[in-house]
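Given next are the chains, with one letter for each unit.
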Amino acid sequence: MAPRVVSVEADGGSRGNPGPAGYGAVVRDAETGEVLAERSESLGTATNNVAEYQGLIAGLTAAAELGAAEVDVRMDSKLVVEQMCGRWQIKHPGLRPLAAQAAGLVGRFAAVRFAWIPREQNRHADALANAAMDAAAGRPPSAPKTGQPPATPATGSDPATAPASWEPRPSFTATRLILVRHGETEYTEQGRYSGRGDVPLSEKGRAQVRATGARVAELAPSVGAVLSSPLSRCTATAASIAEALGGDVPVRTEDDLIECDFGQWEGRTFTEVRERWPGEMDAWLASPRIAPPGGESFTHVAERAHRVVTGLLTAYPGETVVVVSHVSPIKLVLRDALAAGDGFLHRLFLDAAGISVLDMWPDGGVAVRTVNDTAHLAAL
């Protein structure tokens, strides 16, 4: 029976850059450390980065052939790990097809998690890669370094007898963030910029947050915390959610979740702002670094939102947290989660009382599950 979760250790390199190149990959049972498959190949002349990507592709291919559902990828290549996680751009045109091939393989699994490890923890794959490089250079295989396992692995399922590069699989449990925009206010209905002004929920907004509370309770019967912007339209929304969750989860206000300060545009419609501040509006739409007159830039709001998310991942690992905030902070969290460009901020629409859900893993992996779910408001 194929293991549900496997680990893939992959490495690649070249003697010279470019030079005689090769890769190595090892697939293990994630729980026991038992070696399930090995892959290695000489690549002729290639660069280190190409060889590292080829090692990843070989390891993922082997994991798919074994029928694994989830994969923990462990590599000592910071570049490959960061690029596959979407945090670094793939600037070299020669790597883009390889990254696309690897991404296609990732899509065949229920989950793939990437983690960087030091080279000394990747010795088995490194030994296979070095043997492949020797073959590419027409030399006999290199002798293993002290403490380095030979290319033929130890067998058996006892972790105590597994090669030194194997470690028990760490706990990879996502922290789930349920992002909720506050219910409707008078300004929401009229399409007015509503930043730091403490505009209360309207009658319709109060009905919306009751429905939102019931929906959140369906999505997450167990919640570690409910955080809210300090403005009353959010605290009232958060209180309704906490009540629907049984009243056992207190609401904690967080100043960094407050809406963007729209300065002189507060309380005005888009049309009114466009007529009075056309140049300032154009500049604001073109760059998140530009603030409305007397207000705050989206870049600064993003820094605040990032602090909140980082703190939640530390304080509530593996738990579900409800975050009640405003359009701008929620959009910025979603922009970063989706690795989207700045144009995303002015193209995504978030309804009052809409719900977005994302999962965040300790290794930096992110999965956006839902954006602006409003099905619970259909009957209102």
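Only a predicted model underlies this, so the values are computations on that prediction, with no experimental measurement involved.

Enquirer: Would you mind going over the overall build of the chain with me for this structure?
Expert: Counting secondary structure elements, the chain contains 11 helices and 11 strands. Referenced to the eigenvectors of the C-alpha coordinate spread, the extents of the chain come out at roughly 80 × 50 × 30 Å. Across the 380 residues that make up the chain, the buried fraction comes to 49%. A separation threshold of at least 6 residues defines the contact pool for the chain, and within that pool the share at least 24 residues apart is 73%. When the accessible surface of the chain is split by element, carbon and sulfur atoms take 51% of a total near 17000 Å².

Enquirer: Can you walk me through helix α10 (residues 298-315) in this structure?
Expert: Note on helix geometry: an α-helix contains 3.6 residues per turn, so any two residues three or four positions apart are oriented the same way. Taking 1.5 Å of rise per residue, 18 residues should cover 26 Å, and α10 covers 25 Å from first to last C-alpha, within 8% of that figure. For α10, the full list of buried residues reads F298, V301, A302, R304, A305, V308, V309 and L312. Each buried residue of α10 sits inside an arc of 165° when the element is viewed along its axis, so together they form one side. Exposed residues lying more than 90 degrees from the buried face of α10 are H306 and T314.

Enquirer: Would you explain the packing of helix α1 (residues 48-65) against helix α3 (residues 96-106) in this entry?
Expert: Packed helix pairs are specified by the crossing angle of their axes together with the interaxial distance, meaning the distance between the axes. Two numbers describe how α1 lies on α3: the axes approach to 10 Å, and their chain directions differ by 20°. One way to sum up the angle between α1 and α3 is to call them roughly parallel. Judged by the twist between their axes, the crossing of α1 over α3 is left-handed. Here V50, Y53, Q54, L56, I57, L60 and T61 of α1 come into contact with α3, specifically with L98, A99, Q101, A102, L105 and V106. Within the contact of α1 with α3, the residues separate by chemical class into 10 nonpolar, 3 polar and no charged.

Enquirer: It is not clear to me how the sheet that holds strand β1 (residues 5-14) should be interpreted in this structure. Could you clarify?
Expert: Consider a sheet: its strands pair through backbone hydrogen bonds, and that pairing is either parallel or antiparallel. Here 5 strands make up an open sheet; going across it, the order is β3-β2-β1-β4-β5 and the pairing mixed. At either end of the open sheet lies a strand with only one pairing partner, and these are β3 (35-46) and β5 (111-116). Along the sheet, successive strands turn relative to each other by an average axial angle of 20°, direction set aside. Bridging between β1 and strand β4 (residues 70-75) involves 6 bridges; their strand directions are parallel. Paired with A10 across the bridge in β4 is M75. Along the sheet, α1 makes contact with β1, β2 (19-29), β3, β4 and β5, crossing β1 at roughly 155°.

Enquirer: How should I be thinking about the nonpolar core in this particular structure?
Expert: What tends to happen in soluble globular proteins is that the nonpolar side chains get buried as a cluster. One finds L177, L179, W265, L312, V321, L334 and L358 to be the most contacted residues of the largest nonpolar core, which totals 34 residues. Those elements that place two or more of their residues in this core are β6 (175-181), β7 (225-228), α9 (278-286), α10, β9 (320-325), α11 (327-337) and β10 (355-360). No other element matches α10, which puts 7 residues into this core. Excluding residues within four positions of it along the chain, V321 makes contact with R176, L177, I178, A225, L227, L312 and Y316. The next biggest cluster of nonpolar side chains, apart from the first, holds 28 residues, and it includes A62, A63, L95 and A102.

Enquirer: Mind showing me how you'd approach helix α6 (residues 203-219) here?
Expert: With 17 residues, α6 should reach 24 Å at 1.5 Å per residue; the first-to-last C-alpha distance of 25 Å fits that figure. Looking at α6, one finds that the buried residues are G205, Q208, V209, A211, T212, G213 and V216. Each element contacted by the buried residues of α6 is listed here: β6, α7 (232-244), β9 and β10.

Thresholds applied
Residues numbered from 1 in each chain as written. Predicted model: local features only at pLDDT ≥ 70, side-chain atom pairs only at ≥ 80, totals over all residues. Heavy atoms only, no water. Helix = DSSP H or I, 4+ residues; strand = E, 2+ residues; numbered from the N terminus. Buried < 20%, exposed > 50% of the residue type's maximum accessible area, 1.4 Å probe, protein only. Contact = heavy atoms within 4.5 Å. Areas by Shrake-Rupley, 256 points an atom, 1.4 Å probe, with all protein chains shown as cover. Expected span 1.5 Å × (residues − 1). Arc of directions from axis to C-beta. Axes fitted to C-alpha atoms, helices over the stretch in contact; angles between N-to-C directions. Parallel < 35°, antiparallel > 145°, perpendicular 65-115°, else oblique. Left-handed = near helix turned anticlockwise from the far one by under 90°. Nonpolar A, V, L, I, M, F, W, Y, C, P; charged D, E, K, R; others polar. Pairing = 2+ DSSP bridges. Core = buried A, V, L, I, M, F, W, Y, C linked by side-chain atoms within 4.5 Å.

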